[in-house]
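Chain by chain, the residues:
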Amino acid sequence: MKHRIVTAAQMKEIERTGDAHGLPYLQMMENAGLAAYAELQKQFPHPGSLLVVCGKGNNGGDGFVIARAAAKDGWNVTALLAEGEPKTTDAITNFERLHSLSVNICADCTVLETQHFDVVVDALYGTGFHGALRPSGLAACGLMNRLHKSGAFVLAVDLPSGINTDTGEVAEGAAHADLTVTFDSYKPLHVVESSAPLCGKIVCSDIGIRDEWHPEF
Ligand SMILES: NC(=O)C1=CN([C@@H]2O[C@H](COP(=O)(O)OP(=O)(O)OC[C@H]3O[C@@H](n4cnc5c(N)ncnc54)[C@H](OP(=O)(O)O)[C@@H]3O)[C@@H](O)[C@H]2O)[C@@H](O)CC1
Ligand SMILES: [K+]
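Residues numbered from 1 in each chain as written. Chains lettered and ligands numbered in written order. Predicted model: local features only at pLDDT ≥ 70, side-chain atom pairs only at ≥ 80, totals over all residues. Heavy atoms only, no water.

- Going by the annotation in an unreviewed UniProt entry, the name recorded for the protein chain is NAD(P)H-hydrate epimerase, with Faecalibacterium langellae given as the source organism.

## Here's the deal with the environment of Leu155
Step number 1: Within the secondary structure layout, Leu155 lies in strand β5 (residues 153-157).
Step number 2: Its relative accessible area of 1% is what places Leu155 among the buried residues.
Step number 3: Between the C-alpha atom of Leu155 and that of Phe64, which follows or precedes it by 91 residues, the distance is 14 Å.
Step number 4: Contact partners of Leu155, with chain neighbours within four places excluded, come to Ala36, Leu40, Val120, Val121, Asp122, Leu179 and Val181. (Helix = DSSP H or I, 4+ residues; strand = E, 2+ residues; numbered from the N terminus. Buried < 20%, exposed > 50% of the residue type's maximum accessible area, 1.4 Å probe, protein only. Contact = heavy atoms within 4.5 Å.)

## Concerning the site of ligand 1
Step number 1: Of all residues adjacent to ligand 1, which total 21 residues, the nearest are Asp62, Gly126, His130, Ala132 and Asp158.
Step number 2: Between an oxygen atom of ligand 1 and a side-chain N or O atom of Asn59, the distance comes to 2.9 Å.
Step number 3: Interatomic distance of 2.9 Å between a backbone N/O atom of Gly128 and an oxygen atom of ligand 1.
Step number 4: Coverage of ligand 1 by the protein chains reaches 84% of its 930 Å² of free accessible surface.
Step number 5: Of all the secondary-structure elements, those providing two or more residues to the shell around ligand 1 are α1 (8-20), α2 (25-43) and α3 (58-72).
Step number 6: Grouping the amino acids of the shell around ligand 1 by side-chain chemistry returns 7 nonpolar, 7 polar and 7 charged. (Near = heavy atom within 4 Å. Polar contact = N/O pair within 3.5 Å; in protein donor to acceptor, adjacent residues only side chain to side chain. Areas by Shrake-Rupley, 256 points an atom, 1.4 Å probe, with all protein chains shown as cover. Nonpolar A, V, L, I, M, F, W, Y, C, P; charged D, E, K, R; others polar.)

## Regarding the coordination of the potassium ion (ligand 2)
Step number 1: Here the potassium ion (ligand 2) is held by the protein donor atoms Asn59 (OD1), Asp122 (O), Tyr125 (O), Val157 (O) and Leu159 (O), which lie 2.6 to 3.0 Å from it.
Step number 2: We note that the donor set of the potassium ion (ligand 2) lies within a single chain, spaced as N-x62-D-x2-Y-x31-V-x1-L. Of this pair, Asn59 sits in helix α3 while Tyr125 sits in the loop between β4 (119-123) and α5 (135-149), placing them 66 residues apart in sequence. No difference in accessibility class separates Asn59 from Tyr125, as the two residues are buried. (Donors = N, O, S within 2.8 Å, 3.2 Å for Na, K, Ca; no water.)

## Remarks on the packing of aromatic side chains
Step number 1: The tally for this structure, following the rule as stated, stands at 4 aromatic pairs.
Step number 2: A centroid spacing of 5.4 Å and a plane angle of 70 degrees characterise the contact between Phe44 and Phe153, whose relative ring orientation is edge-to-face. Separated by 109 residues along the polypeptide, Phe44 in the loop between α2 and β1 (49-54) and Phe153 in strand β5 bring together distant segments of the chain.
Step number 3: Owing to a relative accessible area of 15%, Phe153 belongs among the buried residues under this scheme.
Step number 4: Seen in terms of ring centroids, Phe64 and Phe95 are 5.1 Å apart; in terms of plane orientation they differ by 45 degrees. Their pairing is tilted. One end of the pair, Phe64, is in helix α3; the other, Phe95, is in helix α4 (residues 89-96), with 31 residues separating them in the sequence. (Phe/Tyr/Trp six-rings, centres within 6.5 Å; stacked < 30°, edge-to-face > 60°.)

## Let's talk about the nonpolar core
Step number 1: Core analysis: the largest hydrophobic core is formed by 38 residues, its most contacted members being Leu40, Leu50, Trp75, Val77, Val121, Leu155 and Ile209.
Step number 2: Where this core is concerned, the elements lending two or more residues are α1, α2, β1, α3, β2 (76-81), β4, β5 and β6 (179-183).
Step number 3: Per-element tally for this core: the top contributor is α3, with 6 residues.
Step number 4: Counting 24 residues, the second largest nonpolar core, distinct from the first, contains Leu80, Cys109, Phe117 and Tyr125. (Core = buried A, V, L, I, M, F, W, Y, C linked by side-chain atoms within 4.5 Å.)

## Thoughts on the sheet that holds β2
Strand-to-strand pairing in sheets goes through backbone hydrogen bonds, with the strands running parallel or antiparallel.
Step number 1: If you trace the 7 strands from one edge of the open sheet to the other, you get β3-β2-β1-β4-β5-β6-β7, paired in parallel fashion. Each edge of the sheet is formed by a strand with only one pairing partner; in this case those strands are β3 (103-106) and β7 (201-205). Between one strand axis and the next, the sheet turns by 20 degrees as a mean value, whatever way the strands run.
Step number 2: Bridge count between β1 and β2: 6 bridges; the pairing is parallel. Bridging from a neighbouring strand, Val52 pairs with Ala79 of β2. (Pairing = 2+ DSSP bridges. Axes fitted to C-alpha atoms, helices over the stretch in contact; angles between N-to-C directions.)

## Regarding the packing of α2 against α3
Step number 1: Running from amino to carboxyl end, α2 crosses α3 at an angle of 55 degrees, the nearest separation of the two axes being 8 Å. For the element pair α2 / α3, the angle class is oblique. As for the relative orientation of α2 and α3, their crossing is right-handed in sense. Residues Met29, Glu30, Ala32, Gly33, Leu34, Ala36 and Tyr37 of α2 lie in contact with α3, whose contacting residues are Asn58, Gly61, Asp62, Val65, Ile66, Arg68, Ala69 and Ala70. (Parallel < 35°, antiparallel > 145°, perpendicular 65-115°, else oblique. Left-handed = near helix turned anticlockwise from the far one by under 90°.)

## Looking at the side chain of Thr78
Step number 1: Position of Thr78 relative to the elements: it lies in strand β2.
Step number 2: Once you skip the residues sitting within four places of it in the chain, Thr78 turns out to touch Leu50, Leu51, Val52, Asn104, Cys106, Leu112 and Phe117.

What follows is the structure in C-alpha cells.
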C-alpha cells in the first residue's frame, strides 16, 4: 500500500473506483471496521468494556462493525446512537447485524457519564464532518473527552470527530484520541499542525482497494 494523502472528495472517488472493480461499499466498511478492531486488539489483547459512539453516517457504520467484532470476542459492548438511528444503507445493515448479539444499545449520553469503559471508539463523524458541532455532537464529544481524561483509551475511526478532513480546522469541543485508524490513504488533517496532535498515533490500514485501481489525481 502506497503512502498517499488525499482529500475527502478524492477518497470518495477512490472508494467509487473500488466498488467499480468489484469491491462493494459494504465490504469496504467491513474491512475498515475489522482493521480498526485489529488495531484495538493490539493495544488490548483481552476483552474489557467498550463504548462505541456512533453517528448516523458511514463513520458510524464502521463503528457498528467494530461493536459486532468486539461483542463476538467477549467484550462488554455499549453502542451509543449519538445522532439517533443510522441513515445510510450500509450503516443500517451493520446496525441490524448487531441485533442478535449481546450489545447494549443506548440513545442517551447522560446515563453513560458515570460508567467505566476501558476503551472508547469514536465513530461519530469521519470525512463527512463540516462546520461546527451541533448540540448532540458536542454532548457526545464532551462525553468521550471526559472518559478519556478519566483514563479510557480512545480510538478514533478515520479521524477524531469534529475536524474538517481537508483543512484540519478543529471545531470547538472536538474529540481527542490516543490512536486514529484511517483507511487506504492519509488525509490532510492527519498531517496539519492544528489537527494532527488530536489524532494520537496514526495508523493507515488497507481496506482492499488495490494500488493499481487508484485514480491519478
Ligand atoms: N464510502 C465508503 O465506502 C466508506 C466509508 N467509510 C467511512 O465512512 C466515513 C464517511 O462517511 P459519510 O460520508 O457517511 O460521512 P460521516 O463522516 O459519517 O459524516 C456524515 C454525518 O455527519 C453529519 N454531520 C456532518 N457535519 C456535522 C456537524 N457539523 N454537526 C452534526 N452532524 C454533522 C451528517 O449529518 P447531516 O449534516 O447530513 O445532517 C452525516 O449524518 C469515512 O470517514 C469512513 O469512516 C469506510 O467505511 C470505508 C468505506
Ligand atoms: K470519528
